[in-house]
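# Analysis of the macromolecular model
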Amino acid sequence: MIMDSDPTPAPLAKLIEELGRLPGIGPRTAARLAHRLAADPERATAFAEALLAARGRLTLCSICFTLTRSDRCAICTDPERRRTEICVVQEPFDAFLIERQGGYRGLYHVLHGAISPVDRIGPRELRIAELEARVRRDLVGVAGSAVLLATERDIPGKATGMYLYRRLMPLGITVRHIGLGG
């Protein structure tokens, strides 16, 4: 009997690879998740259906770029939110975490990543141009307006925060870095 030198079947290897591409999931966690899903067909089917349903029903908010079911998210359309404050986060999940903590009543802007030359991610690959346009349109000249930079404390997050600080400060608004994660 001829056996492969790699004991991991190709479909399982592909699942591990794809799970490993998700932020915060390392190789061991990806392998553990893939093995659990592959070993439980019902769980795998439920997971696949939930993923496809979310992908088919969610879109990006046209204002802040978080995930929503319509053109504009509930936060951007909430008249009770402070319109003079924009909290900039790297990923939609970051805004979700801040919302769960409660207390913050301003708006958000999701960059969808961080500057990382190693990963070939520069300012053009992020939603920075949209942020600058939004700040110029909605905050410049408005008393008390501020941008809160809530980027991660890792190297790409710090680089992104510094880049944004340097781009936004000349516009005459308050820019503060509040940092997330570790």
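Heads up: the structure comes first, above all this text.
Our subject in this report is the structure included herewith.

## Remarks on the packing of helix 2 (residues 27-39) against helix 3 (residues 41-57)
Axis angle and axis distance: for two packed helices, these are the angle between their axes and the distance between the axes, and together they describe the pair. Close contact between helix 2 and helix 3 brings their axes to 5 Å; oriented N to C, the two are set at 110°. Relative to helix 3, helix 2 is oriented roughly perpendicular. Residue-level contacts link R36, L37 and A39 of helix 2 to P41, R43, A44 and F47 of helix 3. Looking at the contact of helix 2 with helix 3 residue by residue, the class counts come to five nonpolar, no polar and two charged.

## Details of the environment of L37
When you line up the elements, L37 lands in helix 2. Under the relative-accessibility criterion, L37 is labelled buried at 12%. Along the chain, L37 and G172 lie 135 residues apart, while their C-alpha atoms are 51 Å from each other. Not counting residues up to four positions away in its chain, the partners in contact with L37 are L15, R43, A44 and F47.

## Considering the side chain of S145
In this fold, S145 is placed in the loop between helix 6 (128-138) and strand 5 (146-149). Residue S145 is classed as buried on the basis of its relative accessible area, which comes to 5%. Separated by 3.0 Å, the side chain of S145 and the backbone oxygen of L139 make a polar contact. For S145, the contacting residues outside a window of four places in its chain are T84, L139, I173 and T174.

## Some remarks on a positive patch on the surface
A surface patch of like charges, here positive, comprises R28, R32, R36 and R43. Per-element accounting of the positive patch gives the leading share, three residues, to helix 2.

## What about the packing of helix 1 (residues 10-20) against helix 2?
Contact pair helix 1 / helix 2: the axes reach a minimum separation of 8 Å and the direction vectors enclose 130°. Put simply, helix 1 runs oblique to helix 2. Relative to helix 2, helix 1 is oriented so that their crossing is right-handed. Residues L12, L15, I16, L19 and G20 of helix 1 touch helix 2, and the partners they reach there are A30, A31, L33, A34, H35, L37 and A38. Of the residues in the contact of helix 1 with helix 2, the class split is ten nonpolar, two polar and no charged.

Thresholds, definitions, all that
- Residues numbered from 1 in each chain as written.
- Predicted model: local features only at pLDDT ≥ 70, side-chain atom pairs only at ≥ 80, totals over all residues.
- Heavy atoms only, no water.
- Axes fitted to C-alpha atoms, helices over the stretch in contact; angles between N-to-C directions.
- Helix = DSSP H or I, 4+ residues; strand = E, 2+ residues; numbered from the N terminus.
- Parallel < 35°, antiparallel > 145°, perpendicular 65-115°, else oblique.
- Contact = heavy atoms within 4.5 Å.
- Nonpolar A, V, L, I, M, F, W, Y, C, P; charged D, E, K, R; others polar.
- Buried < 20%, exposed > 50% of the residue type's maximum accessible area, 1.4 Å probe, protein only.
- Polar contact = N/O pair within 3.5 Å; in protein donor to acceptor, adjacent residues only side chain to side chain.
- Patch = residues over 30% accessible without salt bridge, like charges linked within 9 Å, V, L, I, M, F, W, Y side chains within 5 Å.
- Areas by Shrake-Rupley, 256 points an atom, 1.4 Å probe, with all protein chains shown as cover.
- Salt bridge = Lys/Arg side-chain N within 4 Å of Asp/Glu carboxyl O.
- Lys, Arg positive; Asp, Glu negative; His and termini not counted.
- Charge placed at Lys NZ, Arg CZ, Asp CG, Glu CD.
- Left-handed = near helix turned anticlockwise from the far one by under 90°.

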